[in-house]
Amino acid sequence: MSFHVSGDYFESCNCQVSCPCIFLAPATEDTCDAVLAWHIRRGDMDGVSLENLTVALAVHSPKLMREGGWKAALYLDERADADQAKALGAIFSGQAGGHLANVAPLIGTVTGVHSASIRFDSDGGRRRLSVGKVLEMDVEELKGMDGVGPPVISNPLFSPVTQPIRQAKSGTLDYKGDWTVSATSSNGFITEFEYRS
């Protein structure tokens with residue numbers, strides 16, 4: 001399978017800012033509950049266009065994410081037709097190879113792959129995601145000591161994206177899907193993404 005997708009990415013988790021999981025350290029809470037979101041600006045898989053589609057992944061992991069045994073629920077944009085949904089599922093589960101194939105072995109249980117109404121909004125240093133009635137989350141980039149740009153983390157030890165990540169803080173993380181998570185003023189990261197195989 002050959003694919004190339006790129007676009008906007010953000011995540012939020014229940015850890016305090018900044019989430020230590022990206023440095024292979026224990027989460028600040030008893031578990032790390034995170035939601036990752038990708039909005040594809042450009043891309044296709046084997047000639048199937050995936051542009052303007054969005055995917056979200058909810059993750060429930062032990063305190064040390066690197067130990068694996070995660071629970072995961074994947075949400076695919078309901079606007080995707082059958083071929084697009086198949087491609088999205090393969091790419092964002094890691095089955096199609098590429099960077100996310102490195103994350104897939106950490107998942108112990110997939111609780112579901114769901115088609116859902118997904119809204120992704122990006123406005124400068126702010127991102128917002130809603131998934132049907134199961135998820136609302138939003139983050140905003142923090143300001144670095146220069147008062148202008150956000151703190152940037154380049155080349156972390158562990159990340160679902162390969163680009164440098166910009167530190168953000170969540171307003172709300174409210175997930176009531178295959179399990180329940182609720183957090184405010186917790187960790188967030190924003191960046192762009194590009195995957196290929």
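Please refer to the structure placed before this passage.
The text that follows walks through the structure, step by step, so that each part is easy to find. (Residues numbered from 1 in each chain as written. Predicted model: local features only at pLDDT ≥ 70, side-chain atom pairs only at ≥ 80, totals over all residues. Heavy atoms only, no water.)

1. With respect to the nonpolar core
Then step 1. In this structure, Val5, Trp38, Leu50, Leu88, Phe92, Phe193 and Tyr195 are the most contacted members of the largest nonpolar core, which totals 42 residues.
Then step 2. Of all the secondary structure elements, the ones that give two or more residues to this core are strand S1 (3-13), strand S2 (32-45), strand S4 (54-61), strand S5 (70-77), helix H1 (82-92) and strand S13 (187-196).
Then step 3. Looking at which element gives the most residues to this core, the answer is S2, with six residues.
Then step 4. When sequence neighbours within four positions are dropped, the list of residues in contact with Phe92 reads Val5, Trp38, Ile40, Val55, Leu74, Leu100, Phe193 and Tyr195.
Then step 5. Ala56, Leu129, Trp179 and Ala183 belong to the second largest nonpolar core, which has 22 residues in total. (Core = buried A, V, L, I, M, F, W, Y, C linked by side-chain atoms within 4.5 Å. Buried < 20%, exposed > 50% of the residue type's maximum accessible area, 1.4 Å probe, protein only. Helix = DSSP H or I, 4+ residues; strand = E, 2+ residues; numbered from the N terminus. Contact = heavy atoms within 4.5 Å.)

2. Considerations on unusual backbone geometry
Then step 1. Along the chain, Val17 connects to Ser18 via a cis peptide bond; the corresponding omega equals -5°.
Then step 2. By the element assignment, Ser18 lies in the loop between S1 and S2.
Then step 3. Backbone geometry at Asp46 places phi at a positive 50°, although glycine is not the residue there.
Then step 4. Despite not being glycine, Ser185 shows a phi value in the positive range, around 55°.
Then step 5. Tracing the sequence through the fold places Ser185 in the loop between strand S12 (180-183) and S13.

3. A closer look at H1
Then step 1. Turning to H1, its buried residues number three or more, namely Gln84, Ala87, Leu88, Gly89, Ala90, Ile91 and Phe92.
Then step 2. Looking at the buried positions of H1, the neighbouring elements they touch are S1, S2, strand S3 (48-49), S4, S5 and S13.
Then step 3. With a side-chain oxygen lying 3.1 Å from the backbone nitrogen of Asp83, the N-terminal cap of H1 falls on Asp81.
Then step 4. Looking at the residues trailing H1, positive phi occurs at Gly94, about 90°. (Polar contact = N/O pair within 3.5 Å; in protein donor to acceptor, adjacent residues only side chain to side chain.)

4. Let's talk about the pairing of strand S7 (residues 118-123)
Then step 1. As paired strands, S7 and strand S8 (residues 126-131) are joined by six bridges and run antiparallel to one another. In the sheet register, Ser122 faces S8, and the bridge partner there is Arg127.
Then step 2. As consecutive antiparallel partners, S7 and S8 are separated by two residues, and within that stretch Gly124 has a phi angle of approximately 60°, a positive value. (Pairing = 2+ DSSP bridges.)

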